[in-house]
Amino acid sequence: MSMVVIGTAFVDIKGFPNDVYLPTGRNAGSVEYIHGGVARNVVEDIANVELRPMYLGVVDDTPMGKGVLEKLRRHKVNTDYVSVRPDGMGLWLAIFDNNGDLAGSISKRPDADGIAQMLEEKGDEIFSKADSAVLQVDLAKGIVKRVIELAQRHGTKLFGLVSNMSIAAERRDFLQKFDCFICNQEEAGILFLDDYTGKNPEQMQQIVADRVRCAKIPSMVVTMGAQGAVYASCDGISGVCPARRVQVKDTTGAGDAFCAGVSIGLTYGKNLAQAVEIGTVLAASVITSSENVCSRFQPEEFGLEVKQPQPL
C-alpha cells in the first residue's frame, strides 16, 4: 500500500524560556530551527512508522529547502513530486511559555502554485499509485477540487486536515467527499459556527455525531488536547478515546501526528476507533520533545501488516 500527503512545508523558529515567560519582558531561553508545516509533518510522521509515503509539496530553492528535502529522503519519503521554487516554503516564528503552550506566533505563508502544477502534470500518475491521500484542505480551492477529482477517479481514500480552518470552513461541501476529516475542538467550532469551549468528551461525542449526520460528512475526528479525542461517522459509529498521560514539553505537531496515525489506520484496514487509538499514540510521542514529529515505530506495534520493499 502507498499513501500520498499533499500540502505545504514550513521552517519553524521556536523560542523556549528558561523561567516563567513574561510577554512584555526579556526572556532568556533557547531558540531552535525545526522543519515544520502541517503536511510536511504528517508525511514524516507516516514515514516514522516505517511506511514509505509520497510527498506532493513545494520547497524553497535555498539551502534551507534543500535541508528539508534531505531530511525527508533520510526518512524514506518519496520526494519525486516536490517542486523547488522561490518562496516555496513558509516560516513560523513561535514563542512557548514554561508550560509548553504556545504564547504567540507570526507566520509567513508559502507559494503553493507548484502543487497545482504538479497535480496537472502528474496527478494521474501519483493517484494511480496511492491507496490513500492526506490533503491540507485550506490550500487553494482549485487544488482541493483537483485532488477530489483524482481521488474519485482512482478510487483513492481521502483524508483531510487543516492549517487554517477559517479558509477550510468555506469549503464545507467539499468535506462530504472526504472519507475522514480531522481537526481540533476549536476548529470544529469554527466549522460548525459554534463555541465548544468547556464541553467534555461525552458532550463533544454527541455534538460531532449529530453534526456529521446533518452535514453528510462520512466521518470526523475531533481532538481535545489532554481530554483525548472524539470520533463519529455517518453510519452511527461514535466514541471517545482518552489521551495518553505524558510529560508535555511542546505541543506543536501533536495534531499532525494524530492525523497521520488516523490516516495510517484507515488506510491499512483498521476501523475508526482503532485508527484514532493509533493517532493518540503518535501524538503522545510528539509532545514529550521539541520535535514536530513522532518517534520511530514499527508497523507491527499497531497491528499493521506491511510488506516492506526488499533492499537493492
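Structure: see above.
Since the model is a prediction, treat every value here as computed from it, not as a measurement. (Residues numbered from 1 in each chain as written. Predicted model: local features only at pLDDT ≥ 70, side-chain atom pairs only at ≥ 80, totals over all residues. Heavy atoms only, no water.)

Caption draft 1: Main features of the sheet that holds strand β9 (residues 132-136). One open sheet accounts for 8 strands, arranged β4-β1-β9-β10-β11-β12-β13-β14; its pairing is mixed. Because the sheet does not close on itself, it has two edges, and the strands there are β4 (54-56) and β14 (238-241). Each neighbouring strand pair of the sheet contributes to a mean axis angle of 15°, computed without reference to strand direction. Bridging between strand β13 (residues 229-233) and β14 involves 4 bridges; their strand directions are antiparallel. Pairing of tyrosine 231 across the sheet is with glycine 239, part of β14. (Pairing = 2+ DSSP bridges. Helix = DSSP H or I, 4+ residues; strand = E, 2+ residues; numbered from the N terminus. Axes fitted to C-alpha atoms, helices over the stretch in contact; angles between N-to-C directions.)

Caption draft 2: Highlighting the packing of aromatic side chains. Scanning all chains against the criterion turns up 3 aromatic pairs. Taken together, a centroid distance of 5.3 Å and an interplanar angle of 15° make the contact between phenylalanine 16 and phenylalanine 96 stacked. Of this pair, phenylalanine 16 sits in strand β2 (residues 10-17) while phenylalanine 96 is found in strand β7 (residues 90-96), placing the two residues 80 residues apart along the sequence. The pair formed by phenylalanine 16 and phenylalanine 96 is uniform in burial state, with each residue classed as buried. Through successive ring pairs, a cluster of aromatic residues spans Phe16, Trp92 and Phe96. (Phe/Tyr/Trp six-rings, centres within 6.5 Å; stacked < 30°, edge-to-face > 60°. Buried < 20%, exposed > 50% of the residue type's maximum accessible area, 1.4 Å probe, protein only.)

Caption draft 3: The packing of helix α3 (residues 113-128) against helix α4 (residues 141-154), seen in detail. Running from N to C, α3 and α4 point in directions that differ by 10°, and their axes come no closer than 10 Å. Considering their axes alone, α3 and α4 lie roughly parallel with respect to each other. Like other packed secondary-structure pairs, α3 and α4 cross with a definite hand, here right-handed. Within the contact between the two elements, α3 uses Ile115, Ala116, Leu119, Glu120, Gly123, Asp124, Phe127 and Ser128 and α4 uses Ile143, Arg146, Val147, Leu150, Ala151, Arg153 and His154. In terms of residue class, the contact of α3 with α4 is made up of 8 nonpolar, 3 polar and 4 charged. (Parallel < 35°, antiparallel > 145°, perpendicular 65-115°, else oblique. Left-handed = near helix turned anticlockwise from the far one by under 90°. Contact = heavy atoms within 4.5 Å. Nonpolar A, V, L, I, M, F, W, Y, C, P; charged D, E, K, R; others polar.)

Caption draft 4: Structural context of the layout of surface pockets. By volume, the largest pocket amounts to about 1,800 Å³. Lining of the largest pocket is provided by 49 residues; of these, Asn184, Thr251, Gly253, Ala254 and Gly255 occupy positions nearest its centre. Elements that contribute at least two residues to the lining of the largest pocket include exactly β2, α1 (38-47), β7, β8 (102-108), β11 (180-184), α6 (185-191), α8 (254-267) and α9 (272-286). Within the lining of the largest pocket, the residues separate by chemical class into 24 nonpolar, 17 polar and 8 charged. (1 Å grid on protein atoms, 1.4 Å probe; cavity = no way out; pocket = protein on both sides within 12 Å on 5 of 7 lines; lining within 4 Å. Points joined across faces, edges and corners; volume = space filled by probe spheres on them.)

Caption draft 5: Highlighting α8. For α8, spanning 14 residues, the distance from its first C-alpha to its last is 20 Å, which sits close to the expected 20 Å at 1.5 Å a residue. In terms of burial, α8 is a largely internal element, 13 of the 14 residues being buried. Taken from the residues just after α8, glycine 269 is the one with a positive phi, measuring 90°. (Expected span 1.5 Å × (residues − 1).)

Caption draft 6: Representation of the nonpolar core within the structure. The biggest cluster of nonpolar side chains holds 52 residues, and the ones touching the most others in it are Val221, Val262, Ile264, Val276 and Leu282. Listed by contribution, the elements that provide at least two residues to this core are β1 (3-6), α1, α2 (63-74), β10 (157-161), β11, β13, α8 and α9. Formed by 49 residues, the second largest nonpolar core is a distinct cluster that contains Met54, Val162, Met165 and Ala169. (Core = buried A, V, L, I, M, F, W, Y, C linked by side-chain atoms within 4.5 Å.)

Caption draft 7: Geometry of the side chain of histidine 75. In this structure, histidine 75 sits in the loop between α2 and β6 (83-84). Those residues in contact with histidine 75 that sit more than four places away from it in its chain are Glu44, Ala47, Asn48 and Arg296.

Caption draft 8: Region of the structure containing the pattern of salt bridges. Counting across every chain of the model gives 13 salt bridges. Arginine 146 is the salt-bridge partner of glutamate 149, the closest N and O atoms lying 2.8 Å from each other. Taken together, the residues glutamate 149 and arginine 146, both in helix α4 and 3 residues apart, mark about one turn of the helix. Overall, arginine 146 belongs to the buried group, its relative accessible area being 13%. Of the charged contacts, one joins aspartate 194 and arginine 211 as a salt bridge, the two residues approaching to 3.9 Å between their closest N and O atoms. Taken as a pair, aspartate 194 in the loop between α6 and α7 (201-215) and arginine 211 in helix α7 lie far apart in primary sequence, 17 residues in all. Classification of aspartate 194 as partly exposed rests on a relative accessible area of 41%. Residue classification places arginine 211 among the partly exposed residues on the basis of a relative accessible area of 31%. (Salt bridge = Lys/Arg side-chain N within 4 Å of Asp/Glu carboxyl O.)

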